[in-house]
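The lines below spell out each chain.
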Amino acid sequence: MIKLLEARNIGKRFGGLTALSEVSLTIAKGEVYGLIGPNGAGKTTFFNVLTGAYIPDEGEFVFNGIELPVGKPHLVVEAGIARTFQNIRLFGQMTALENVMAGHHIRTKASVWGILTQNKHTREEERLTTERAYELLKYVGIERFADTVCKNLSYGDQRRLEIARALATEPQLLALDEPAAGMNATETTQLKALIEQIRHDGVTVLLIEHDVKLVMGLCDRLTVLDFGKKIAEDVPSVVQKNEAVINAYLGGGKHA
Amino acid sequence: MDQLAEAIPYLGKRNPKAARWLVIIIALVAPIIAMMFGRTWVRILDFALLYMMLALGLNLVVGFAGLLDLGYIAFYAVGAYTWAFLASPHFGVHFPFWAVLPLGAGFAALAGIILGFPVLRLRGDYLAIVTLGFGEIVRIFMNNLNYPVNITNGPQGINALDSMNLFGWDLAKSLTIGDFQIHSLYFYYYFFLACVVGSIIFIQRLQISRVGRAWAAMRDDELAAKAIGINTRNLKLLAFSLGATFGGVAGGLFGSFQGFVSPESFSLMESIAVLTMVVFGGMGNIAGAVIGALILTALPEILRNIAVPVQETLFGHVILDPEVLRMLLLSLAMILMMLLRPGGLIPAHARYSRPELVGKGVRT
Amino acid sequence: METLLQQLLNGLVVGSVYALVALGYTMVYGILGLINFAHGEVLMVGALTALTVISTLMGIAPDTPPLLLLGVGLLAAMVVCMIVAFLMERLAYRKLRNAPRLAPLITAIGVSFLLQTLAMIVWGRNYHTFPQLISTTPMQPIEGVFINPIQITTIVASAVIMVGLVLLVTRTKLGRAMRATAENHRVASLMGVDVNKIIALTFVLGAALAAVAGVLFASNYGIAHYAMGFMPGLKAFTAAVLGGIGNLGGAMLGGIVLGLVEAVGAGYIEHLTFGFLNSSYQDIFAFVILGIVLIFRPTGLLGERVSDRA
């Protein structure tokens, strides 16, 4: 197993509330890794700390053997980690195509001077960005909506668009925050196929999900969080039988 | 340019090519027609072009990047005072046009960065108030820096600025060929027009580029923009300094065109006026900024010429003087636009991509 | 030493006025997340209304006792300001409650300039002398330190009003409804609070305070003018931010602190900058303080609420 991401003793507090405490996990290259837990267990906080939106109080992330910068989202993306949001966050006034093109920003270099003079490099880069954006839209299956302003897309298509936009940053690790939330059965099945395709094409996936069935069917390994602490980590079939996990989901009276 | 053409009712959609030519022809013959109504109107057109540059620059900051800047006129002031310091009898230095204008633009850009650094972490409405404060501070300094060392000459301002001299050709002098005289106001008009067209081309190129898309992304959702790797701090600084550059250039042109500068020209009301032009025309839209600037510069002048005589005949004296009318018009334009048509006169259907580059259909 | 005391005293007077206006900013911000840019203009409307009423009364009944004159003028100012604020909220802001974040602010700027323009039409561009109905003859409680009755009135009136407001907000049912609305509109309405009414009331209440501030301000300086509201408005906003916007105590503290800093600063700026800057730079203090507070402590002196609503 080749380590891609290693989280070491991540801790995060908000005032008196401990959102994460001593969370460690290792994600291998090429796997789909699940992160589950009841509401408020700290999953999204973990995402936010990982992607630089929050600064952790303790611990660090090591990505590809290099420590990730803290509190600098754009550097995290540059290092090769992209994310989606639980409540879809697209750029409302842009078309689907332009959303994906914006996602390519970090991999392009044209300067203001280049843009002003429209030199060869800038034009070529712009053409490649456009081409690549079309490819990605096709990849997630919404190429026909390329010129639609994104807020007019259906919910499922918006989810796909957000994934395409994240892929445009050319990540090695794609972190999906509840991608199946609000989807119907058909859409969920299609999403599952898409995630498998993404993994097949060499991108490691970190998945937060509520849909236990999806997680169990998709993930190679997973970690269960409860009250900000890791209570289990293993392959799905083992985790499913773990007593602490069953208690967390059912015992405490909290809903799954 | 295309956006302007597209904005023409009917024609713009049906025959873009004809609409384009129409815009070009109007732009070229406008001063000649205006001259028929008197020299003042050409002067007003010249000012409208300056306001267009300001509106285009502010639109870049407010419309593209989503940063509400209420102190924008300060950059205009920096450009104008740069001209006044370096090309007037005030300090007795007379640098040439091609040296002063870029310097003014550079100082304005620098001022943009200096203002930008501390304030860019602020949220929208706080940013607005702090930039307003910045504009006021600049004005207070212009007003008072005549003591103990006379730098700005205080509220009186600085007179007798050098006129624009394009490589030996003085724009302020009318040209006489035989009996035929071309008034200097024409030269200013076409020179300013060239500047505006240049600005439009530059800004349009920026809009459809990685930078324009990143600004739009930041404006639409800052958190998501960060999550796709956009360095929002640098892009905000870029927006501030580029916007300021336009202000600085316009300020320099203003100073030399008008021949004198004083703090009065750079009051908060002027910042608000430029903002109204952007809002009225349509935020985030190049055509909107141009049309907004044109209408809101010309309309008060038209009102001045109609309302004053009308009032005199009706009431025997002037009840609403032109300055009051202008303020009334601007404030009402701002409120009503926000309430009734928040997208502005020409709501932005801004494009940030050119699918035709890879042979895909053009968006309709 | 006497100079410092004198400056502190002057600062306290101006600061009380800032505090009164700041309360209006902070209440509206707390409940709507809106910077009501036009709030300063309400102060101006108050002062000029009072001026008109008082001079008319003086014309009709020259023998009216000055205090009665002032009372009637103040009452009229409050009523007019409350109407102005009510209309402002109803016609301009209500429609924009769920609009994109910059829209209400831009509208507020428009309203501010509209009010100034209207005032210019009604009262002209000239400076008006505001009748000084309370004596301005200075007294000398300490050798070298002067204070006059109108200054005392300003401080006392502001203090009384502020205490009243705090009691209103913390002790009454109306106050509870206001606080509930500030927390969460939807939940408040589910609890049976008429949110629209509460918001309107907040505006009206703030306007009444601004009217008082306007009359006190004009009485102190003996002058009223269509643009007089802008600077105090901006400074009151600074005061509200300084104290922690959305926080009543903060607005009062911020107002007083700003008044003191300004007065003392203006007195010593020439000294501090070796004569380079003089007291005509007084207005810069507010902006500099505003910038510093927003950048380094955006929650203000007392604010703990992290407002993230824009």
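That block above? That's the structure.
To keep things clear, this report deals only with the structure shown in the data block. (Residues numbered from 1 in each chain as written. Chains lettered and ligands numbered in written order. Predicted model: local features only at pLDDT ≥ 70, side-chain atom pairs only at ≥ 80, totals over all residues.)

**Observations regarding the overall build of chain C**
Cut-off, in case you're wondering: Under the DSSP-based scheme used, a helix requires at least four consecutive residues in state H or I and a strand at least two consecutive residues in state E, with every element numbered from the N terminus. Just to be clear, the radius of gyration here is over C-alpha atoms, and the globule rule we use is 2.2 Å times residues to the power 0.38. Burial is judged by counting other C-beta atoms within 10 Å of a residue's own C-beta: 20 or more means buried, 12 or fewer means exposed, and anything between counts as partly exposed, with every C-beta placed from the backbone. Throughout, a pair of residues is in contact if the C-beta atoms placed from their backbones lie within 7 Å.
Secondary structure assignment for chain C yields eleven helices and four strands. The C-alpha radius of gyration of chain C comes to 19 Å, within 12% of the 19 Å expected for a compact globule of 310 residues. A principal-axis box enclosing the C-alpha atoms of chain C has dimensions of 60 × 55 × 35 Å. Here chain C, with 310 residues, has 49% of them falling under the buried criterion. For chain C, contacts bridging at least 24 residues in sequence account for 76% of all contacts bridging at least 6.

**Focus on the sheet that holds strand E1 (residues 3-14) of chain A**
Residues and elements named next belong to chain A. Operational definition: By this definition, two strands are paired if DSSP reports at least two bridges between them. Geometry is summarised by axes, namely lines fitted to C-alpha atoms with helices restricted to the contacting stretch, and by angles between N-to-C directions that run from 0 to 180 degrees.
Strands sit in the order E2-E1-E4-E5 across an open sheet of four strands; the sheet is antiparallel. The strands lining the two open edges of the sheet, one partner per strand, are strand E2 (17-28) and strand E5 (66-67). In this sheet, E5 lies alongside strand E4 (residues 58-63) in antiparallel orientation, the contact comprising two bridges. Across the sheet, Val 62 pairs through a bridge with Glu 67, a residue of E5. Its contacts with the sheet put helix H1 (residues 43-50) on E1, E2 and E4, and the angle it makes with E2 is roughly 70 degrees.

**A short note on the pairing of strand E7 (residues 173-177) of chain A**
Residue and element names in this part refer to chain A. The element E7 is extensively covered by neighbouring structure, given that five of its five residues are classed as buried. Of the two faces of E7, the one carrying Leu 173, Ala 175 and Asp 177 and the one carrying Leu 174 and Leu 176 are both buried. For strand E6 (residues 81-83) and E7, the ladder comprises three bridges, and the chain directions are parallel. For Ala 82, the partnering residue across the bridge sits in E7 and is Leu 174. Two elements, E7 and strand E8 (residues 204-208), share five bridges in a ladder whose sense is parallel.

**A word on helix H8 (residues 184-207) of chain B**
Just so we agree on the cut-off: Take the number of residues in a helix, subtract one, and multiply by 1.5 Å to get its expected span.
Spanning 24 residues, H8(B) covers 34 Å between terminal C-alpha atoms, matching the ideal 34 Å at 1.5 Å per step. Residues of H8(B) that are buried include every one of Leu185(B), Phe187(B), Tyr188(B), Tyr189(B), Phe192(B), Val196(B), Ser199(B), Ile200(B), Ile203(B), Leu206(B) and Gln207(B), and no others. In this structure, the buried side of H8(B) is in contact with helix H4 (112-117) of chain A together with helix H3 (16-36), helix H4 (39-64), helix H9 (210-220), helix H11 (232-258) and helix H13 (286-315) of chain B.

**Things to note about the interface of chain A and chain B**
The following threshold applies: Just so you know the grouping, Ala, Val, Leu, Ile, Met, Phe, Trp, Tyr, Cys and Pro go in nonpolar, Asp, Glu, Lys and Arg go in charged, and all remaining residues, Gly too, go in polar.
If you look at the interface, chain A gives 34 residues, while chain B gives 29 residues. Listing elements by their share of the side of chain A that touches chain B, those giving two or more residues are helix H2 (73-79), helix H3 (96-103), H4 and helix H5 (120-140) of chain A. Per-class residue counts for the side of chain A that touches chain B are 14 nonpolar, eleven polar and nine charged.

**Digging into the arrangement of the chains**
The structure contains two pairs of chains in contact, of which chains A and B account for the largest number of contacts. A gap remains between chain A and chain C, which never touch, and the nearest two C-alpha atoms on either side lie 12 Å apart.

**Description of the interface of chain C and chain B**
Facing 32 residues of chain C, the contacting portion of chain B comprises 31 residues. If you list the elements that add at least two residues to the side of chain C that touches chain B, you get helix H4 (102-123) and helix H11 (284-296) of chain C. By residue number, the principal contributor to the side of chain C that touches chain B is H4(C), which donates 13 residues. Within the side of chain C that touches chain B, the residues separate by chemical class into 23 nonpolar, six polar and three charged.

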